[in-house]
Amino acid sequence: MTSERGIRTATYPDDAPIGDAYLTHEAVRAVLERQDNRCAGCSAALDAGSTYFDLRRPAICGGSHTLGNLEALCPSCHRNHMHRIRELFADPVAHRNK
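Residues numbered from 1 in each chain as written. Predicted model: local features only at pLDDT ≥ 70, side-chain atom pairs only at ≥ 80, totals over all residues. Heavy atoms only, no water.

A look at the side chain of glutamine 35
Among the secondary structure elements, glutamine 35 is positioned in the loop between α1 (25-34) and β1 (52-55). Within the structure, the side chain of glutamine 35 is placed 3.0 Å from the backbone nitrogen of alanine 72, a separation counted as a polar contact. Here glutamine 35 is in contact with Ala40, Leu46, Leu70, Glu71 and Ala72, once residues within four sequence places are set aside. (Helix = DSSP H or I, 4+ residues; strand = E, 2+ residues; numbered from the N terminus. Polar contact = N/O pair within 3.5 Å; in protein donor to acceptor, adjacent residues only side chain to side chain. Contact = heavy atoms within 4.5 Å.)

Below you can see the structure in the form of structure tokens.
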């Protein structure tokens with residue numbers, strides 16, 4: 001596969017496994033290419049120093065550790081994603097006591 005700039009890139013299937021703790025450079029590159037270096041949440045251009053990689057569907061919710069389930073997010077969308085996950089698993093009793 002050849003990118004817009006004529007650079008030869010490898011294709012990685014969406015079901016390719018990713019590690020549990022660290023992402024390879026190839027996985028990062030594949031996700032960023034798939035998303036055209038844009039945030040999966042808001043389509044903002046992603047900056048190399050402030051890009052977050054996360055599972056679309058968390059493993060605790062049955063999500064797989066594969067490239068197809070991995071997305072790149074800007075800091076704001078990552079914060080919102082984590083907030084939604086925390087709310088999903090929040091203790092209902094704690095919410096009633098507030």
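Some words on α1
Those residues of α1 that fall on the buried side of the exposure criterion are Ala27, Ala30, Val31 and Leu32. Among the residues trailing α1, aspartate 36 stands out with phi positive, at a value near 55°. (Buried < 20%, exposed > 50% of the residue type's maximum accessible area, 1.4 Å probe, protein only.)

Comments concerning the environment of alanine 27
Relative to the elements of secondary structure, alanine 27 occurs in helix α1. Residues alanine 27 and leucine 70 lie 43 residues apart in sequence; the distance between their C-alpha atoms is 9.0 Å.

Some thoughts on unusual backbone geometry
Look at asparagine 37: it is not a glycine, yet its phi comes out positive at around 55°. Secondary-structure assignment places asparagine 37 in the loop between α1 and β1. One non-glycine residue, serine 43, lies in the positive phi region at around 70°. Note on placement: serine 43 falls in the loop between α1 and β1. Take serine 43: its relative accessible area is 47%, and that puts it in the partly exposed class.

What about helix α2 (residues 75-88)?
Taking 1.5 Å per residue as the helical rise, α2 with its 14 residues ought to reach 20 Å, and the 20 Å between its terminal C-alpha atoms agrees with that figure. Residues of α2 that are buried include every one of Cys77, His78, His81 and Ile85, and no others. Down the axis of α2, the buried side of the element spans an arc of 105°, and every buried residue falls inside it. In α2, the exposed positions angled more than 90 degrees off the buried face are occupied by Arg79 and Arg86. (Expected span 1.5 Å × (residues − 1). Arc of directions from axis to C-beta.)

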